[in-house]
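# Close look at the chain arrangement
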Amino acid sequence: IILLSLTGPGIGGNFYLFASRVYIFVTGPKKKPVDLILIHLAFTNIMTLCARGIFDMIAFHFSNFVDSAGCKTMLYLERVARGLSICTTCLLSMVQAVTISHRTSSWRKLKPQTAWQVLPFLLLFWIFNSLISSNLLYYITATKSTNGSVITPYVGYCSIQPSGLAVRWLFLTLMALRDIIFQSLMGWSSGYMAFRLHKHHQSVLYLQSSRFQRNPSPEMRATQRALILMTCFLLFYWADFIVSFCIGSLLTKDYTVLSIKLFLTPGYASLSPFLLISRD
């Protein structure tokens, strides 16, 4: 019931965000980069929810039908989609920060003039995240198909086989570098947006009547959306990271921890479209 309450509305919200942005992108007079980024973000969220949410529900009721190929495919797609979500959310924050930067700022030169200029970044995200998640295609297997004494539960009815220390640290290092770099850029861009919009709000405050001052300004609403989206992402990310670290590094077999991870993974993908729609 909890999985359905997260996955069902999450898929519906992302489909609405995806369809509405595709309609705006296709019919609009100007192809905006932000619209293309939001389309990609909604698609990666749908990919995450379908790969993990639907698979977990199937595995919960029909565990005998879960084989190694299903575990490899679903968990690989979920890992790639998770990485794409990090990169896409960061790109969205960066583009928004560059867009509202001062006209004389050197950062303004980085502003994409057309939507097609962000396509190389999205393609690079796909290639990079596909490569650093490729170890799952080899080491993930169905629990029932191997000797239970030499494997560690990964999620649900899927387990991870032991790998060499060099291989394990190589992929962990790549994922850690990706997360640190993109989250740092995300934090800087969101903080810069809050700073710029607050200064703009203060500079035009004298132009507004006291009646309008009682309501949040468009600048403050935009700032709130940026900060709430980043806070939501970081909250779910770090909670999922801590649980994943306990599972992967401490080799825990506590199924309570595995169940907590089950519900943390679709959290951001389910909630983020409603934050974007409600504050658009």
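Every value quoted in this text rests on a predicted model; they were computed, and no experiment measured them. (Residues numbered from 1 in each chain as written. Predicted model: local features only at pLDDT ≥ 70, side-chain atom pairs only at ≥ 80, totals over all residues. Heavy atoms only, no water.)

## Re the UniProt feature "transmembrane region" (unreviewed entry) in the protein
In this numbering, the UniProt entry assigns the feature "transmembrane region" (unreviewed entry) to residues 6–24, 36–60, 121–142, 154–177, 227–251 and 257–277. Annotated as 100% helix and 0% strand, the span residues 6–24 places its first and last C-alpha atoms 27 Å apart. (UniProt positions renumbered as here; feature names shortened; annotations may be inferred. Helix = DSSP H or I, 4+ residues; strand = E, 2+ residues; numbered from the N terminus.)

## What about the side chain of Thr-88?
Mapped onto the secondary structure, Thr-88 falls in helix α3 (residues 68–99). Take Thr-88: its relative accessible area is 0%, and that puts it in the buried class. Within the structure, Thr-88 has its side chain in polar contact with the side chain of His-40 (distance 3.0 Å). Setting aside chain neighbours within four positions, we find Thr-88 in contact with Ile-37, His-40, Leu-41 and Phe-125. (Buried < 20%, exposed > 50% of the residue type's maximum accessible area, 1.4 Å probe, protein only. Polar contact = N/O pair within 3.5 Å; in protein donor to acceptor, adjacent residues only side chain to side chain. Contact = heavy atoms within 4.5 Å.)

## Observations regarding the packing of α3 against helix α4 (residues 119–132)
Taken N-terminus to C-terminus, the directions of α3 and α4 make an angle of 145°; their axes are 9 Å apart at the nearest point. Considering only the axes of α3 and α4, their crossing is right-handed. Each of Tyr-76, Val-80, Gly-83, Leu-84, Cys-87, Thr-88 and Leu-91 in α3 lies in contact with α4, whose residues at this interface are Phe-121, Leu-122, Phe-125, Trp-126, Asn-129 and Ser-130. Residue composition of the contact of α3 with α4, by class: nine nonpolar, four polar and no charged. (Axes fitted to C-alpha atoms, helices over the stretch in contact; angles between N-to-C directions. Left-handed = near helix turned anticlockwise from the far one by under 90°. Nonpolar A, V, L, I, M, F, W, Y, C, P; charged D, E, K, R; others polar.)

## Quick word on a nonpolar patch on the surface
Together, Trp-107, Leu-110 and Trp-188 give the surface a local cluster of nonpolar side chains, amounting to about 330 Å² of exposed area. Relative to the elements of secondary structure, Trp-188 occurs in helix α6 (residues 165–203). Residue Trp-188 is classed as partly exposed on the basis of its relative accessible area, which comes to 37%. (Patch = residues over 30% accessible without salt bridge, like charges linked within 9 Å, V, L, I, M, F, W, Y side chains within 5 Å. Areas by Shrake-Rupley, 256 points an atom, 1.4 Å probe, with all protein chains shown as cover. Salt bridge = Lys/Arg side-chain N within 4 Å of Asp/Glu carboxyl O.)

## A look at empty space enclosed by the protein
Tallying each qualifying case throughout the model produces two cavities of 30 Å³ or more. Along the walls of the largest cavity sit 14 residues, with Arg-82, Ser-85, Phe-233, Thr-265 and Tyr-268 positioned nearest its centre. For the lining of the largest cavity, the secondary structure elements donating two or more residues are α2 (33–61), α3, α8 (218–248) and α9 (255–278). For the lining of the largest cavity, the class distribution of residues is seven nonpolar, four polar and three charged. (1 Å grid on protein atoms, 1.4 Å probe; cavity = no way out; pocket = protein on both sides within 12 Å on 5 of 7 lines; lining within 4 Å. Points joined across faces, edges and corners; volume = space filled by probe spheres on them.)

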